[in-house]
Amino acid sequence: MTYQPGELNLTYDPQRGWFNFVLYSETPKLWGSALNATQQLRNSSRYTQEWIGRLQDTEPTPLHMALVSNNEAPRLWSPCVFDDPESPSAIAGDGCVCLTTFYDPLTWMPVVKQHYRTVSGNIEEWTYWTFSPLSLPEGQVLERLIIDQDAGVMWLRNDRGELHFLPEKTGEGYNVGYGGGGPGKFAAMIEKIVASDGHDVTPDTSQVTANRHLNDWTSSPVSNRTRELSLAQLRTLRTTGTAPA
Ligand SMILES: [Zn+2]
């Protein structure tokens, strides 16, 4: 799996026992290098649980293979040690490095769930790999922007109540709470969302200059917590520099 360090630079590390949930998203290379979002996301949250909860089982497809390395690809077809201790993905009948395939029924994006279990189960972790969306489907509108600091993920909820990753451009991930590139990108994205009344969430903000209230807010510690912001709250934030609860 390719990994490009960004500002969210936690990576999958089987040696760190507390690090038991990782979500990874990347835009397929075949969609153009300008849009290769690479994002390293961590830990479980109510939002990651909502997203994982809607995933559907599926057979491996070429897009699933694009999420894993060539070495790993054969394991897409091997069962988990829990189902077959003799599986090629099993280690000594108890450890496991299986890969299970799913898809997101709302976006049809492929998802690979990676199991890492040491023999005797001292370390047991699951990692989810998927691709970032590039936009909302035609006609859908962002209703809420979600800062999920529990998982280190920015989400959106659309006018149908559906949860999606906030579209992101490669190497230009979002963040909040300090003065830096990630918070700057996030401020520009909020500017774009407000200007389009939630219709435009495409990740390119190179032509967008964020209002200074937005830059001040995203680079301030006050923004550094999990919260949901409605379109109305985003408008107020842009105008006044504060986001009323
Ligand atoms: Zn397994």
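Overview of the overall build of the protein chain
Broken down by element type, the protein chain carries 5 helices and 12 strands. Split into buried and exposed, the 245 residues of the protein chain put 37% on the buried side. For the protein chain, long-range pairs separated by at least 24 residues make up 56% of all intrachain contacts whose partners lie at least 6 apart in sequence.

A few points about helix H3 (residues 181-195)
With 15 residues, H3 ought to run about 21 Å at 1.5 Å a step, and its terminal C-alpha atoms sit 21 Å apart, in line with that. Counting buried positions along H3 gives 12 out of 15 residues, so the element sits mostly inside the fold. Within H3, burial applies to Gly182, Pro183, Lys185, Phe186, Ala187, Ala188, Met189, Ile190, Glu191, Lys192, Ile193 and Val194. Along its buried surface, H3 packs onto strand E9 (142-148), strand E10 (153-158), helix H4 (212-218) and helix H5 (231-240). Just past H3, the residue Asp197 takes up positive phi, approximately 55°.

Concerning the sheet that holds strand E12 (residues 227-230)
The 4 strands lie next to each other as E11-E10-E9-E12, forming an open sheet whose pairing is antiparallel. Two strands bound the open sheet, and with one partner strand each, they are strand E11 (163-165) and E12. Recorded for the sheet is a direction-independent mean angle of 30° between the axes of neighbouring strands. Sheet analysis places E10 next to E11, joined by 3 bridges and oriented antiparallel. Across the sheet, Trp155 pairs through a bridge with Phe165, a residue of E11. In the packing of H5 onto the sheet, contacts are made with E9 and E12, and the angle to E12 comes to roughly 85°.

A few points about the nonpolar core
Across soluble globular proteins, nonpolar side chains show a tendency to be buried alongside one another. Among the nonpolar cores identified, the biggest contains 28 residues, and Met154, Trp155, Leu166, Phe186, Ile190 and Ile193 are the most heavily contacted of them. Looking at this core, the elements that each hand over two or more residues are helix H1 (46-54), E9, E10, H3, H4 and H5. Of the residues forming this core, the biggest block, 7 residues, is contributed by H3. The next biggest cluster of nonpolar side chains, apart from the first, holds 13 residues, and it includes Leu67, Cys96, Leu99 and Trp129.

Thoughts on the packing of H3 against H5
Packing of H3 against H5 leaves a shortest axis separation of 10 Å and a crossing angle of 115°. Where H3 crosses over H5, the handedness of that crossing is left-handed. Only Leu234, Arg235 and Arg238 of H5 make contact with H3, whose side of the interface consists of Ile190, Glu191, Ile193 and Val194. Partitioning the contact of H3 with H5 into residue classes produces 4 nonpolar, no polar and 3 charged.

Quick look at the pairing of strand E7 (residues 110-117)
When a strand is regular, its side chains alternate between the sheet's two faces. In the sheet, strand E6 (residues 99-103) pairs with E7 via 5 bridges, with the strands oriented antiparallel. In the strand pairing of E7, Phe102 is matched with Val111. Linking E6 back to E7 in an antiparallel pair, the connection comprises 6 residues, with Trp108 at a positive phi of about 65°. Relative to strand E8 (residues 124-130), E7 runs antiparallel, the two being bridged by 7 bridges. Pairing of Val111 across the sheet is with Thr130, part of E8. Here E7 folds back onto E8, and the loop between the two strands holds 6 residues, one of which, Ser120, carries a positive phi near 85°.

Here we look at unusual backbone geometry
In this model, Ser120 sits at a positive phi of 85°, which is unusual for a non-glycine residue. Along the chain, the position of Ser120 falls in the loop between E7 and E8.

Details of the environment of Met189
Note that Met189 resides in helix H3. Met189 gets classed as buried once you count the C-beta atoms within 10 Å, which come to 29. Excluding its chain neighbours within four sequence positions, the residues that come into contact with Met189 are Tyr174 and Thr205.

Let's talk about the environment of Pro105
Tracing the chain through its elements places Pro105 in the loop between E6 and E7. By the C-beta count within 10 Å, which is 11 here, Pro105 ends up exposed. Considered as a pair, Pro105 and Gln56 are 49 residues apart in the sequence and their alpha carbons are 6.7 Å apart. Setting aside residues up to four positions removed in sequence, Pro105 forms contacts with Arg54 and Gln56.

About the thresholds
Residues numbered from 1 in each chain as written. Predicted model: local features only at pLDDT ≥ 70, side-chain atom pairs only at ≥ 80, totals over all residues. Helix = DSSP H or I, 4+ residues; strand = E, 2+ residues; numbered from the N terminus. Buried ≥ 20, exposed ≤ 12 C-beta atoms within 10 Å, placed from the backbone. Contact = placed C-beta atoms within 7 Å. Expected span 1.5 Å × (residues − 1). Pairing = 2+ DSSP bridges. Axes fitted to C-alpha atoms, helices over the stretch in contact; angles between N-to-C directions. Core = buried A, V, L, I, M, F, W, Y, C linked by C-beta atoms within 7 Å. Left-handed = near helix turned anticlockwise from the far one by under 90°. Nonpolar A, V, L, I, M, F, W, Y, C, P; charged D, E, K, R; others polar.

The analysis is restricted to geometry; functional conclusions fall outside its scope.
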